[in-house]
Amino acid sequence: MPADPWREPMLAALDEARAALATGDVPIGAVVLDPAGAVIGRGRNVREAQSDPTGHAEVVALRAAAHGRGEWRLEGCTLVVTLEPCTMCAGAAVLSRVARIVFGAYDERAGAVGSLWDVVRDRRLNHRPEVISGVLATESSALLDGFFRDQRA
């Protein structure tokens, strides 16, 4: 087994994040892996491109995975995303029954997987995915920092 089994999936999520730049969207990317580790859903932020307030990378990837599987339950699957999910995306991960969430950079302003809130570990919910954080966090942060630096320029 590789030293970091989440490196390659996070690199795929980073590719999705970079693709969001072409539409002026915040560069956040996500992939969903099936229990065997194959990518079954990809997503990038499309809020600007599609004028969709729910067009977050995680939601797009979860929808693609569910559509591909033909069911909304993504039991045994893993959501890999470049930035800590917000409350909407954390809730979508819980509701889709993913087994785990792997993310890169923390989001101190809106993160809902440990930073500002901890939606996915709330004991009142019926499903609590495992959380793995900090995977290629430097690369994820650098992409976001560059985007926002360019926005201010």
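Scroll up to find the structure.
Just so we're clear, the structure is a prediction, and the values are computed from it rather than from any experiment.

**Thoughts on the overall build of the chain**
Of regular secondary structure, the chain possesses five helices and five strands. Counting helices and strands in the order they occur from the N terminus, the chain gives α-β-β-α-α-β-α-β-β-α. For 153 residues, the compact-globule estimate of 2.2 N^0.38 gives 15 Å, and the chain sits close to it at 14 Å. Expressed along its principal axes, the backbone C-alpha trace of the chain runs to roughly 45 × 35 × 30 Å.

**Here's the deal with the layout of surface pockets**
Estimated volume of the largest pocket: approximately 520 Å³. As for the largest pocket, its lining consists of 20 residues, of which V26, I28, L83, D107 and F148 are closest to the centre. In terms of residue class, the lining of the largest pocket is made up of ten nonpolar, three polar and seven charged.

**Comments concerning the packing of aromatic side chains**
Under the definition given, this model contains two aromatic pairs. Between F103 and Y106, the aromatic rings sit 5.0 Å apart at their centres with planes inclined by 90 degrees, giving edge-to-face as the arrangement. Each ring, one from F147 and one from F148, has its centre 5.0 Å from the other, and the planes form 80 degrees; the classification is edge-to-face. With a relative accessible area of 36%, F148 lands in the partly exposed category.

**As for the packing of helix α3 (residues 57-69) against helix α4 (residues 87-96)**
One way to put it is that α3 packs onto α4 with a least axis distance of 9 Å and a crossing angle of 20 degrees. As summarised for this structure, α3 and α4 are arranged roughly parallel, according to the angle between their axes. The chirality of how α3 crosses α4 is left-handed. Along the contact surface, α3 presents E58, V59 and L62, while α4 presents M88, C89, A92, A93 and S96.

**Some details on the environment of G24**
In this structure, G24 sits in the loop between α1 (7-20) and β1 (29-33). In this structure the C-alpha to C-alpha distance between G24 and M88, which are 64 residues apart in sequence, comes to 21 Å. Not counting residues up to four positions away in its chain, the partners in contact with G24 are E48 and F147.

**Quick look at the pairing of strand β3 (residues 78-83)**
For a regular strand, side-chain orientation follows a simple rule: the groups alternate between the two sheet faces. Among the six residues that make up β3, six are buried, leaving the element largely enclosed by the rest of the structure. In terms of strand pairing, β1 meets β3 through four bridges, oriented antiparallel. Directly across from L33, in β3, lies its bridge partner T78. Both β3 and strand β4 (residues 100-105) contribute to a ladder of five bridges, which runs parallel. Paired with V81 across the strands is F103, a residue of β4. Note on the crossover from β3 through α4 to β4: the handedness is right-handed.

Thresholds applied
Residues numbered from 1 in each chain as written. Predicted model: local features only at pLDDT ≥ 70, side-chain atom pairs only at ≥ 80, totals over all residues. Heavy atoms only, no water. Helix = DSSP H or I, 4+ residues; strand = E, 2+ residues; numbered from the N terminus. Rg over C-alpha atoms; globule rule 2.2 N^0.38 Å. 1 Å grid on protein atoms, 1.4 Å probe; cavity = no way out; pocket = protein on both sides within 12 Å on 5 of 7 lines; lining within 4 Å. Points joined across faces, edges and corners; volume = space filled by probe spheres on them. Nonpolar A, V, L, I, M, F, W, Y, C, P; charged D, E, K, R; others polar. Phe/Tyr/Trp six-rings, centres within 6.5 Å; stacked < 30°, edge-to-face > 60°. Buried < 20%, exposed > 50% of the residue type's maximum accessible area, 1.4 Å probe, protein only. Axes fitted to C-alpha atoms, helices over the stretch in contact; angles between N-to-C directions. Parallel < 35°, antiparallel > 145°, perpendicular 65-115°, else oblique. Left-handed = near helix turned anticlockwise from the far one by under 90°. Contact = heavy atoms within 4.5 Å. Pairing = 2+ DSSP bridges. Right-handed = clockwise from strand over helix to strand, strands pointing away.

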